[in-house]
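# Per-entry structural report
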Amino acid sequence: MIAHLKRAAALFGAAILAAAIFAVPANAQSGTPHLMLTLKDGVVDIELLKDTAPKHVEQIIKLTEAGAYDGVVFHRVIDGFMAQTGDVRNGNSNNANFNMALAGTGDSDLPNVVAEFSDIPYERGIVGAARTNDPNSFNSQFFIMFTEYPSLNGQYTVFGKVVAGMEFVDNITKGEPPANPDKIISAKIEYK
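For every chain, the first residue of its written sequence is number 1, and the numbers climb from 1 along that sequence. Whole-chain, interface and lining totals are the exception, using all residues; otherwise, since this is a predicted model, local features are given only for residues with pLDDT of at least 70 and side-chain atom pairs are given and counted only at 80 or more. Note that water and hydrogens are dropped before the side-chain values are worked out from all heavy atoms of the structure.

### Section: the overall build of the chain
Only DSSP runs of H or I with at least four residues qualify as helices, and only runs of E with at least two residues qualify as strands; both kinds are numbered from the N terminus onward. Tallying secondary structure elements over the chain gives three helices and eight strands in all. When its helices and strands are written in sequence order, the chain yields α-β-β-α-β-β-β-β-β-α-β. Burial classes: relative accessible area under 20% of the type maximum marks a residue as buried, over 50% as exposed, and values in between as partly exposed (1.4 Å probe, protein chains only). Put simply, the chain has 192 residues, and 42% of those count as buried. Sequence-distant contacts, at least 24 apart, represent 69% of the contacts inside the chain between residues at least 6 apart. Put simply, the chain shows about 10,200 Å² of open surface, and 54% of that area lies on carbon and sulfur atoms. Only heavy atoms matter for contacts: two residues are in contact if any of them lie within 4.5 Å across the pair. Under the convention used here, a 1.4 Å probe and the Shrake-Rupley method define accessible areas, while residue burial counts only the protein chains that appear.

So this is what it looks like as structure tokens:
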């Protein structure tokens, strides 16, 4: 009887150990990550392309979950081209020291991300990684395309696409910079 109990306990312990080894971490999420941007007119749902640009998506998720995009303005919005945002250092209108003249010149405290180019074309609703002349300088800024723009293909990392709410992107105030810029009221990550 005792031998059977010891054997059962050993098997139970092995099962617990196996479950612990192969368990999904508590903070892991299933499904596809979506960046949900609340703008003045509604919510923009951006599917993040984790298989296409995993490091870019990881950076966007980290910044979003830290609340870095809440209050950040669209500092460069060109009709017939794109709307750019994401300067979490100088573009946050919730910051007491906010100066629109500096919006678009900053980044985050995270390291830059190396380019992850793909063959996804730049067309309406595509979300791309803004950068300097160095292809490996993406940090926090990104842009949403109003229309197709083939000259960007293969030059800037695509990491997302708008799947709902593009009409709210169309309503973002235009300008370089806009006189009265729109902002991301809040940003969050959802898994679908």
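### Let's talk about the side chain of Asp182
If you trace the backbone, Asp182 turns up in the loop between α3 (166-170) and β8 (186-191). You can call Asp182 buried: its relative accessible area is 13%. A distance of 2.9 Å separates a polar atom in the side chain of Asp182 from a polar atom in the side chain of Lys40. With sequence-adjacent residues up to four places away left out, Asp182 is seen in contact with Lys40, Val73, Phe74, Asn171, Ile172 and Thr173. For this analysis, a polar contact is any N or O atom pair within 3.5 Å, provided that within protein one partner can donate a hydrogen and the other can accept it, and provided that sequence-adjacent residues contribute only side-chain to side-chain pairs.

### Some details on the environment of Thr157
Residue placement: Thr157 occurs in the loop between β6 (142-145) and β7 (158-164). For Thr157, a relative accessible area of 3% gives the class buried. Taking the C-alpha atoms as reference points, Thr157 and Tyr122, 35 residues apart in sequence, are found 9.8 Å from one another. Thr157 has contacts with Ala53, His56, Ala115, Glu116, Phe117, Tyr122, Val127, Gly128 and Ala129, leaving out every residue within four places of it along the chain. From its side chain, Thr157 meets the backbone nitrogen of Glu116 in a polar contact 3.0 Å long.

### Focus: helix α2 (residues 54-65)
The span expected for a helix works out to 1.5 Å for each residue beyond the first. Between its terminal C-alpha atoms α2 stretches 16 Å, which fits the 16 Å expected from twelve residues at 1.5 Å a residue. Along α2, the positions that sit buried rather than exposed are His56, Val57, Gln59, Ile60, Ile61, Leu63 and Thr64. Positioned one or two residues after α2, Gly67 has a phi angle of 80°, which is positive.

### Considering the side chain of Glu116
Tracing the sequence through the fold places Glu116 in the loop between β4 (82-85) and β5 (126-129). Here Glu116 sits buried without a salt bridge, and the closest side chain of opposite charge, Lys55, lies 6.9 Å off (N-O distance). Of note is the side chain of Glu116, whose polar atom sits 3.1 Å from the backbone nitrogen of Lys55. Polar contacts involving the side chain of Glu116 include one to the side chain of His56, which spans 2.6 Å. His is not counted, nor are the chain ends, whereas Lys and Arg count as positive and Asp and Glu as negative. Throughout this description, the term salt bridge denotes a Lys or Arg side-chain nitrogen within 4 Å of a carboxyl oxygen of Asp or Glu.

### Things to note about the nonpolar core
Inside soluble globular proteins, nonpolar side chains tend to come together where they are buried. Side-chain atoms within 4.5 Å link the members of a nonpolar core, which is a set of buried Ala, Val, Leu, Ile, Met, Phe, Trp, Tyr and Cys residues. If you look at the biggest cluster of nonpolar residues, it comprises 34 residues, and the most contacted ones within it are Leu35, Leu37, Ile46, Leu48, Phe142 and Phe159. At the level of secondary structure, the elements contributing two or more residues to this core comprise β1 (33-38), β2 (43-48), α2, β5, β6, β7, α3 and β8. If one sorts the elements of this core by residue count, α2 sits on top with four residues. Among residues more than four places away in sequence, those in contact with Leu48 are Thr32, Pro33, His34, Leu35, Val57, Ile60, Ile61, Phe159, Gly160 and Ile189.

### A closer look at the confidence of the model for the chain
Every residue is assigned a pLDDT by the predictor, reflecting its confidence on a scale from 0 to 100. Scored by pLDDT, the chain comes out at a mean of 90, with 85% of its residues at no less than 70. Here residues 12-27 scores under 50 on pLDDT; set against residues more than four positions off or in separate chains, the count is zero contacts.

### Topic: the pairing of β6
Of the two faces of β6, both are covered, the one formed by Phe142 and Ile144 as well as the one formed by Phe143 and Met145. Both β4 and β6 contribute to a ladder of four bridges, which runs antiparallel. Opposite Gln84, over in β6, you have Phe143 as the bridge partner. Two strands are counted as paired when DSSP detects at least two bridges linking them. As defined by bridge partners, β5 adjoins β6 across three bridges and the pair is classed as antiparallel. Each bridged residue has a counterpart across the sheet, and for Gly128 the counterpart in β6 is Phe143.

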